[in-house]
Amino acid sequence: RVKALPKNFVWGGATAAYQVEGATKVDGKGKTMWDDYLKTQGRFSPDPASDFYHRYPEDVKLSHKYGLNAIRVSIAWTRIFPNGYGEPNQAGVKYYHDLFKTCIENGVTPYVSLHHFDSPKTLFDQGDWLNRKNIDYFVDYAEFCFKEFTEVKNWFTINELISLSLSQYIAGNFPPNHHFDVTSAIQAQHNELLAHARAVNLYKSLHLDGRIGLIHVLQPIYPITETPENKHAAALYDAFINRFLLDGTFLGKYSDETMSLINEILDKNDAKLEIQDGDRAILKQAATQNDYFGMNYYQSQFIQAYDGPSGNKFNGTGDKGSSSFSFHGVGQIVQKPGVPTTDWDWNIYPEGLYDILKRVSKEYPNSKTIYITENGLGYKDKFVSEDQVIDDEPRIDYIDQHVAALLKARSEGVNVQGYFVWSLQDQFSWANGYNKRYGLFYVDFDTQKRYIKKSAEWFKALADTMK
Ligand code: BGP
């Protein structure tokens, strides 16, 4: 494998508060939208997850030891404001100061998101992102963090707006588990974009010494064959999951072509989108003020035209081939022969990463600098013995191919400055639990002991090419 990373490349591991911290009931933390839901569901508990709340010094040291110069973490809103607003909880504030200090002291730069799927329960009960009052609370929380955590120089507002909206209101695998509630899905996207834009505009007005952006997961949509119907299906679904958000973020408006595709979907599904006076100005102001763009990429999808009823099956168990997705008036997701899939039916398609990087840099120059903020392989890693490195060769292959796609795009002028693997250590997966592992470091969830995987050693070898 002949590959070298450019000098000063950001080479990191990613985490999210609720997926790693555990300690959901300590030091005054408030409930998120997940706590009661997971309890009722009874499949798995978010405690202790990877016990990062107590063990972060060990994970940060491991990061440094294995060549990582950066880490993605998120702040749990409910550690700072247990109810989403009000008086800050000092124990939560202290925890994050300590965490950031440890990262910085170890030469592992923190990249910090304010919201990673973990809305406070109180605000979730009042409509989550569909309630515009919650946008105000988010901006207040953001302002508090910007002013308090001045040691953080790299901010992201919200992680994966589309995953939240799609999982909450279309696929139904995140609370409140609506299926094909198209009105809520598109409105949540718009409202989250507004929340992001307002936070960026505020951050810039504070003239702080740091950078800010947001994170979108992008999923290229390809027609399964090049018929006009299938191409149109791909354009429609692409508008719904990628283009609407990219336009809103980096053009500061939804282009006419994007809106005509979105309106076609809304009409066919008796849905509507409300854009209020003043929203456009907020988006427009933010569009040029993002300092960088965090792009998550896992997979691409293949689609065919479809006019039947909507319906889906979510594969949250790793039972290969058990998922399906058909969206009325948009399209039906199909398998492309020859494209390998994971046990959770995610296509392994590194070409998609190359294509989407080229597209974003060409069509959305306001994205400026791009970081791949998540990419990785969900895999049922097997622990063998205390003294044996865990062999996760398929993960190495996956990362290797995607880093190659990134470097190719970079060599053709796309301004990619970093790569964060999802994930740093094994952690809790929202709708899949604990058997879908992604980490460079294996976590025995019973003992919380960390073990090295082969991918960590591979990652380190690549990091060493930077010197
Ligand atoms: C992204 C999220 C992460 C993470 C990852 C893997 O969508 O930002 O939080 O979970 O995907 O997804 P999953 O855990 O569903 O396999």
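What you are looking at is a predicted structure, and each value in this text was computed from that prediction instead of being measured.

Caption draft 1: Fine view of the overall build of the protein. Regarding its fold elements, the protein presents 15 helices and 15 strands. Relative to the compact-globule value of 23 Å for 467 residues, the protein shows a C-alpha radius of gyration of 21 Å, a close match. Based on the C-alpha atoms only, the size of the protein along its principal axes is roughly 55 × 55 × 45 Å. Considering only intrachain contacts with a sequence separation of at least 6, the fraction spanning at least 24 residues in the protein is 77%. Carbon and sulfur atoms make up 51% of the accessible area of the protein, which totals about 17,200 Å². Between the mean site of the 50 positive side-chain charges and the mean site of the 58 negative ones, the protein shows a separation of 3 Å.

Caption draft 2: Examining the pairing of strand β2 (residues 70-74) more closely. Across the 5 residues of β2, 5 count as buried, placing the element largely inside the fold. Side chains of β2 alternate between two faces, with Ala70, Arg72 and Ser74 and Ile71 and Val73 buried alike. Bridge count between strand β1 (residues 10-14) and β2: 3 bridges; the pairing is parallel. Considered in β2, the bridge of alanine 14 is made with arginine 72. Across 5 bridges, β2 lies against strand β3 (residues 109-115) in parallel orientation. Looking across to β3, one finds that arginine 72 is bridged to tyrosine 111.

Caption draft 3: Quick peek at the nonpolar core. Trp155, Tyr237 and Phe240 are the most contacted members of the largest nonpolar core, which has 161 residues in total. Excluding residues within four positions of it along the chain, tryptophan 155 makes contact with Ile75, Val112, Leu114, Cys145, Phe146, Phe149, Tyr203, Arg211, Ile212, Gly213 and Tyr292.

Caption draft 4: Up close: the sheet that holds strand β11 (residues 331-334). Within the open sheet, the 5 strands sit side by side as β6-β8-β11-β10-β9. Their pairing is mixed. Strands at the two margins of the open sheet, each flanked by one partner only, are β6 (221-223) and β9 (311-313). Strand-to-strand twist of the sheet, defined as the mean angle between neighbouring strand axes without regard to direction, takes the value 30 degrees. In terms of strand pairing, strand β10 (residues 324-327) meets β11 through 2 bridges, oriented antiparallel. When the sheet's bridge partners are listed, phenylalanine 327 is paired in β11 with glycine 331. Against the sheet, helix α10 (residues 228-251) engages β6, β8 (301-304), β10 and β11, with an angle of about 170 degrees to β6.

Caption draft 5: Focus on the packing of helix α8 (residues 161-169) against helix α9 (residues 182-205). One way to put it is that α8 packs onto α9 with a least axis distance of 9 Å and a crossing angle of 155 degrees. Put simply, α8 runs roughly antiparallel to α9. Of the two possible hands of crossing, α8 and α9 adopt the one that is right-handed. In contact with Leu161, Ile162, Leu164, Ser165 and Tyr169 of α8, α9 contributes Ser184, Ala185, Ala188, Gln189, Glu192 and Leu193. When the residues that make up the contact of α8 with α9 are grouped by side-chain class, the tally is 7 nonpolar, 3 polar and 1 charged.

Caption draft 6: A look at the sheet that holds strand β5 (residues 211-217). Within the closed barrel, the 8 strands sit side by side as β1-β2-β3-β4-β5-β7-β12-β13. Their pairing is parallel. Averaged over all pairs of adjacent strands, the angle between their axes in this sheet comes to 25 degrees, without regard to strand direction. The pairing of β3 with strand β4 (residues 154-159) spans 3 bridges and is classified as parallel. The residue of β4 that forms the bridge with valine 112 is tryptophan 155. On top of the sheet, helix α14 (residues 393-411) reaches β1, β12 (369-374) and β13 (416-422); it is set at about 165 degrees to β13, its chief contact.

Cut-offs used in this document
- Residues numbered from 1 in each chain as written.
- Predicted model: local features only at pLDDT ≥ 70, side-chain atom pairs only at ≥ 80, totals over all residues.
- Heavy atoms only, no water.
- Helix = DSSP H or I, 4+ residues; strand = E, 2+ residues; numbered from the N terminus.
- Rg over C-alpha atoms; globule rule 2.2 N^0.38 Å.
- Contact = heavy atoms within 4.5 Å.
- Areas by Shrake-Rupley, 256 points an atom, 1.4 Å probe, with all protein chains shown as cover.
- Lys, Arg positive; Asp, Glu negative; His and termini not counted.
- Charge placed at Lys NZ, Arg CZ, Asp CG, Glu CD.
- Buried < 20%, exposed > 50% of the residue type's maximum accessible area, 1.4 Å probe, protein only.
- Pairing = 2+ DSSP bridges.
- Core = buried A, V, L, I, M, F, W, Y, C linked by side-chain atoms within 4.5 Å.
- Axes fitted to C-alpha atoms, helices over the stretch in contact; angles between N-to-C directions.
- Parallel < 35°, antiparallel > 145°, perpendicular 65-115°, else oblique.
- Left-handed = near helix turned anticlockwise from the far one by under 90°.
- Nonpolar A, V, L, I, M, F, W, Y, C, P; charged D, E, K, R; others polar.

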